[in-house]
Amino acid sequence: MSSVASGDTSSSTAEQEAQVLDVDSAPVEVAEAMEFDAGANKWNTVRTKLKVALRALSDKREDCVTVRVRDEKLPKLQVVKVKLTAPEDQTAVLDEVMRQSLASKLSNSFAKFAPPFVFPAFLPMRVYVLLQRSGVPTVRGEELTELRPSRVRVSANPRSSSDIDTWASNKFAAFQYFGYFLSRKAYLIHSVCMSGKHFTLPVIHSWDKSMGPQDGGQDGISDWKDQLCERLGGQLGGLTRKDMFSLDPSQFVNMLQERGLFGPMAWGGDHA
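Residues numbered from 1 in each chain as written. Predicted model: local features only at pLDDT ≥ 70, side-chain atom pairs only at ≥ 80, totals over all residues. Heavy atoms only, no water.

Moving on, we come to the overall build of the protein. Tallying secondary structure elements over the protein gives six helices and ten strands in all. Put simply, the protein has 272 residues, and 49% of those count as buried. Within the structure as shown, the protein displays about 13400 Å² of accessible surface, and the carbon and sulfur contribution to it stands at 49%. (Helix = DSSP H or I, 4+ residues; strand = E, 2+ residues; numbered from the N terminus. Buried < 20%, exposed > 50% of the residue type's maximum accessible area, 1.4 Å probe, protein only. Areas by Shrake-Rupley, 256 points an atom, 1.4 Å probe, with all protein chains shown as cover.)

So this is what it looks like as structure tokens:
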């Protein structure tokens, strides 16, 4: 994939960005596209044809470049992240897409269950195996949301003391609680990134520490319970940790809503 990121470094940023988006002029190549079905716990694989942008801009926040891709089977442009130091291990790429699919399944269930506030969906993510490239690299792809999306990380701990951030974190805490119980306490969606108006790149803690290098296991889940109780227990009538986690998800969500802890019935502010 290193050839994808090559180019004249003296070109202006404007010229480079124009070429980044000029995907349709790229040659066609054959790839395998793989999507994970978390409900059925299986991979679905199809052959597809891609056009990959000939240039990419370095993302200084990450050790990678972002490459635009046109997949003939999808209506929207895709992006893939290419590591600058070394190709990602195929297992790591597959695991990341599996985590995204699991988090998306829990999020979709929560959206049907939750009060009528706007809750972001997870970006669809898939795996591409680039069959005609040297080394047959495996990369992850997701829908292009904006040219330079904000990768703000969201968790149950507000980023600031503002009402908007507090409401957003409370809504995310409701999703965490729901997902934790829906998974029969096997998984906790600890945090996610916001990409435009969507979620992506979840960090998941699991009872058996099987969810990647950032999985904090049972210790991470226990820390989350302590922090959630410390932050919200007093506002929910002085609930202890034991009391809080003896509630079913509908009771927990209703208590937050009744006390106005979700704020206006939207994701809030510029996240809406």
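So that's the structure; there's more coming.
Further remarks concern unusual backbone geometry. Backbone geometry places Asn41, a non-glycine residue, at a positive phi of 55 degrees. Although it is not a glycine, Lys209 sits at a positive phi angle of roughly 55 degrees. Checked against the element boundaries, Lys209 lands in the loop between β10 (198–206) and α4 (217–232).

Confidence in the prediction of the protein, expressed as mean pLDDT, is 84, and 80% of residues score 70 or more. A low-confidence stretch, residues 1–13 stays under pLDDT 50, and its non-local contacts, those more than four residues away or across chains, total 24 contacts. In this model residues 266–272 is a low-confidence stretch, pLDDT under 50, and it forms 21 contacts with partners more than four residues away in sequence or in other chains. (pLDDT = per-residue confidence, 0-100. Contact = heavy atoms within 4.5 Å.)

Glancing now at the pairing of strand β8 (residues 151–155). With four of five residues buried, β8 lies mostly within the body of the structure. Inspection of the sheet shows β8 paired to strand β9 (residues 187–195) by five bridges, in the antiparallel sense. Bridge pairing in β9 places Ser155 opposite Ser191. (Pairing = 2+ DSSP bridges.)

On to the packing of aromatic side chains. Two numbers describe a pair of aromatic rings. These are the distance of the centres and the angle of the planes. Counted according to the given criterion, the structure contains 14 aromatic pairs. Ring centres 5.7 Å apart and planes at 50 degrees place the aromatic pair Phe110 and Phe175 in the tilted group. On the criterion of sequence distance, the pair formed by Phe110 in helix α2 (residues 90–113) and Phe175 in helix α3 (residues 163–182) is long-range, its members being 65 residues apart. Phe175 matches Phe110 in its accessibility class, with the two residues each being buried. One aromatic cluster in this structure is built from Phe110, Phe113, Phe122, Phe172, Phe175, Phe178 and Phe199. The residue whose ring lies beneath Lys225 is Phe245, and the NZ or CZ to ring-centre distance is 5.2 Å. (Phe/Tyr/Trp six-rings, centres within 6.5 Å; stacked < 30°, edge-to-face > 60°. Lys NZ or Arg CZ within 6 Å of the ring centre and 35° of its normal.)

Attention now goes to the sheet that holds β10. Spatial strand order, β8-β9-β10: three strands in an open sheet with antiparallel pairing. On the outer flanks of this sheet lie β8 and β10, each paired with one strand and no other. Between one strand axis and the next, the sheet turns by 25 degrees as a mean value, whatever way the strands run. Sheet analysis places β9 next to β10, joined by seven bridges and oriented antiparallel. Bridge assignment links Leu188 to a residue of β10, and that residue is His205. Packing against the sheet, α3 makes contact with β8, β9 and β10, and its axis sits at approximately 140 degrees to β9. Together, β9 and β10 form the strand contacts of α4, whose direction differs from that of β10 by roughly 110 degrees. (Axes fitted to C-alpha atoms, helices over the stretch in contact; angles between N-to-C directions.)

Turning to α4, a few remarks are in order. A rise of 1.5 Å per residue sets the reference length of α4, with its 16 residues, at 22 Å; its end C-alpha atoms lie 23 Å apart and thus fit the reference within 8%. Here α4 has its buried residues at Gly217, Gly220, Ile221, Trp224, Lys225, Leu228, Cys229, Arg231 and Leu232. One face of α4 carries all of its buried residues, which in axial projection span an arc of 165 degrees. Opposite the buried face of α4, by more than 90 degrees, sit the exposed residues Gln218, Asp219 and Glu230. (Expected span 1.5 Å × (residues − 1). Arc of directions from axis to C-beta.)

Taken N-terminus to C-terminus, the directions of α3 and α4 make an angle of 135 degrees; their axes are 12 Å apart at the nearest point. By the angle between their directions, the pair α3 and α4 is classed as oblique. In this structure, the crossing between α3 and α4 has a hand that is left-handed. Between α3 and α4, the residues in contact are Thr166, Ser169, Asn170, Ala173, Gln176, Tyr177 and Tyr180 and Ile221, Trp224, Lys225, Leu228, Arg231 and Leu232, respectively. Taken together, the residues of the contact of α3 with α4 break down into seven nonpolar, four polar and two charged. (Parallel < 35°, antiparallel > 145°, perpendicular 65-115°, else oblique. Left-handed = near helix turned anticlockwise from the far one by under 90°. Nonpolar A, V, L, I, M, F, W, Y, C, P; charged D, E, K, R; others polar.)

Side chains of nonpolar character tend, in soluble globular proteins, to be buried together. Core analysis: the biggest nonpolar cluster contains 39 residues, and Leu228, Leu232, Leu236, Met244 and Phe252 have the highest contact counts within it. Where this core is concerned, the elements lending two or more residues are α2, α3, β9, β10, α4 and α6 (249–258). Sorting elements by how many residues they give to this core places α3 first, with seven residues. Core analysis: the second largest hydrophobic core is formed by 14 residues, Ala31, Leu50, Val69 and Val82 among them. (Core = buried A, V, L, I, M, F, W, Y, C linked by side-chain atoms within 4.5 Å.)

Taken as a whole and assessed by the stated rule, the structure comprises ten salt bridges. Between Arg70 and Asp24 there is a salt bridge; the shortest N-O distance is 3.2 Å. Of this pair, Arg70 sits in strand β4 (residues 64–71) while Asp24 sits in the loop between α1 (13–21) and β1 (28–37), and the two are 46 residues apart along the sequence. Across the pair Lys76 and Glu143 runs a salt bridge whose closest N-O atoms are separated by 3.7 Å. Of this pair, Lys76 sits in the loop between β4 and β5 (78–83) while Glu143 is found in strand β7 (residues 138–143), placing the two residues 67 residues apart along the sequence. Taken together, the shared-partner salt bridges in this structure form one network comprising Glu35, Asp71 and Arg126. (Salt bridge = Lys/Arg side-chain N within 4 Å of Asp/Glu carboxyl O.)

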